[in-house]
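Results of the structural survey
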Amino acid sequence: MRLALEEAEAAQAAGEVPVGAIVVEGGAVVGRGHNRTIADCDPTAHAEILALRQAARAVGNHRLPTCDLYVTIEPCAMCAGAIVQARLARLVYGCDDPKAGAVRSLYRIADDPRLNHRTEVAGGVLAEECAELIRSFFQQKRS
């Protein structure tokens, strides 16, 4: 999660919402990303999506069943859907997102039994540190 926080800080330095993500396979980082929606002029350029794309290229497969994703905030519906499509083994996230979270807060996409894959989910890892990064970013934007 510390590496994901570093990615989130890179997003913040670039003026993006500070979200970072890391994909790990067998203890090695195979994908990383941070929000780039503004820089890429792409509404899908969320940290999770970019990290999953990089990981898929690195392992040579669009399915990532032996990989874990670490992300600083609870994924949105788009990212949770991508997690299911990638067949990730596990998702570990920092803070909950009561406005857009789609794995625990608003929806339970990652472990919905109606879908063809369920991903193990663990939330609350370095939650306060992750939440503070987001809070401070939006406080600065408002002032």
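Residues numbered from 1 in each chain as written. Predicted model: local features only at pLDDT ≥ 70, side-chain atom pairs only at ≥ 80, totals over all residues. Heavy atoms only, no water.

Digging into helix α4 (residues 127–142)
Selection rule: The secondary structure listing takes helices from DSSP runs of H or I that are at least 4 residues long and strands from runs of E that are at least 2 residues long, numbered from the N terminus. For a helix, the expected span equals 1.5 Å multiplied by the number of residues minus one. For the exposure calls, accessible area comes from a 1.4 Å probe over protein chains only, and a residue counts as buried if that area is under 20% of its type's maximum, exposed if over 50%, partly exposed in between. A contact between two residues is defined here by any heavy atoms of the two lying within 4.5 Å.
Across its 16 residues, α4 extends 23 Å between first and last C-alpha, which sits within 8% of the 22 Å expected from 1.5 Å per residue. Taken together, the buried positions of α4 are occupied by C130, A131, L133, I134, S136 and F137. Where α4 is buried, its residues touch α1 (2–13), β3 (67–73) and β4 (90–95).

Looking at the layout of surface pockets
A probe matching the size of a water molecule, rolled over the atoms, marks out where space remains unfilled. Spelled out, the test is: Here a cavity means grid points, on a 1 Å grid over the protein atoms only, where a 1.4 Å probe fits yet cannot get out; a pocket means an open set of points with protein on both sides within 12 Å along at least five of seven lines; lining residues are those with an atom within 4 Å of a point. Grid points are joined across faces, edges and corners, and a volume is the space filled by probe spheres set on the points. Classes in brief: Ala, Val, Leu, Ile, Met, Phe, Trp, Tyr, Cys and Pro nonpolar; Asp, Glu, Lys and Arg charged; the others, Gly included, polar.
As a volume, the largest pocket reaches approximately 610 Å³. Every residue lining the largest pocket is counted, 23 residues in all, and those nearest its centre are V17, I73, D97, I134 and F138. Taken together, the residues of the lining of the largest pocket break down into 12 nonpolar, four polar and seven charged.

Observations regarding unusual backbone geometry
A positive phi is found at C41, a non-glycine position, where the angle reads about 50°. As for its position among the elements, C41 is in the loop between β2 (28–34) and α2 (47–59). A positive phi is found at L126, a non-glycine position, where the angle reads about 55°. Position of L126 among the secondary structure elements: in the loop between β5 (120–122) and α4.

Looking at the side chain of H117
Keep this limit in mind: Between N or O atoms, a polar contact is any pair within 3.5 Å; within protein, one atom must be a potential hydrogen donor and the other a potential acceptor, and residues adjacent in sequence are included only when both atoms are from side chains.
On the secondary structure map, H117 appears in the loop between β4 and β5. For H117, a relative accessible area of 17% translates into the label buried. Within polar-contact distance, the side chain of H117 engages the side chain of T119 at 3.3 Å. Excluding anything up to four places from it in sequence, H117 contacts V84, R87, L88 and A110.

A word on the packing of α1 against α4
Put simply, the test is: The convention used is that axes are lines fitted to C-alpha atoms, helices contributing only their stretch in contact, and that angles between N-to-C directions extend from 0 to 180 degrees. Angle categories: roughly parallel below 35 degrees, roughly antiparallel above 145, roughly perpendicular from 65 to 115, and oblique for all the rest.
Two elements in contact, α1 and α4, have axes separated by 11 Å at closest approach and are oriented at 5°. In terms of their interaxial angle, α1 and α4 are classed as roughly parallel. Touching R2, L5, A8, E9 and Q12 of α1 are E129, C130, L133, S136, F137 and Q140, all from α4. Considered class by class, the residues forming the contact of α1 with α4 number five nonpolar, three polar and three charged.

As for helix α3 (residues 77–86)
Considered for burial, the residues of α3 that qualify are C79, A80, A82, I83, V84 and A86. Each element contacted by the buried residues of α3 is listed here: α2, β3 and β4. Note on α3: the residue one or two positions beyond its end, R87, has a positive phi of about 60°.

Overview of the packing of α2 against α3
Worth spelling out the cut-off: Handedness of a helix crossing follows the sense of rotation of the near helix relative to the far helix, less than a right angle counterclockwise being left-handed and clockwise being right-handed.
Interaxial distance between α2 and α3 falls to 9 Å at its minimum, and their mutual angle equals 20°. By the criterion of interaxial angle, the relationship of α2 to α3 is roughly parallel. Once α2 is placed against α3, the crossing between them reads as left-handed. Residues E48, I49 and L52 of α2 touch α3, and the partners they reach there are M78, C79, A82, I83 and A86.

Considering the pattern of salt bridges
Stated precisely, the cut-off is as follows: When a carboxyl oxygen of Asp or Glu is within 4 Å of a side-chain nitrogen of Lys or Arg, the pair counts as a salt bridge.
What the rule picks out here adds up to nine salt bridges. The shortest N-O distance in the salt bridge between D112 and R114 comes to 2.5 Å. Take D112: its relative accessible area is 14%, and that puts it in the buried class. By relative accessible area, R114 is classed as exposed at 74%. Each of the salt bridges in this network shares a partner with another, and the network as a whole consists of R104, R108 and D111.

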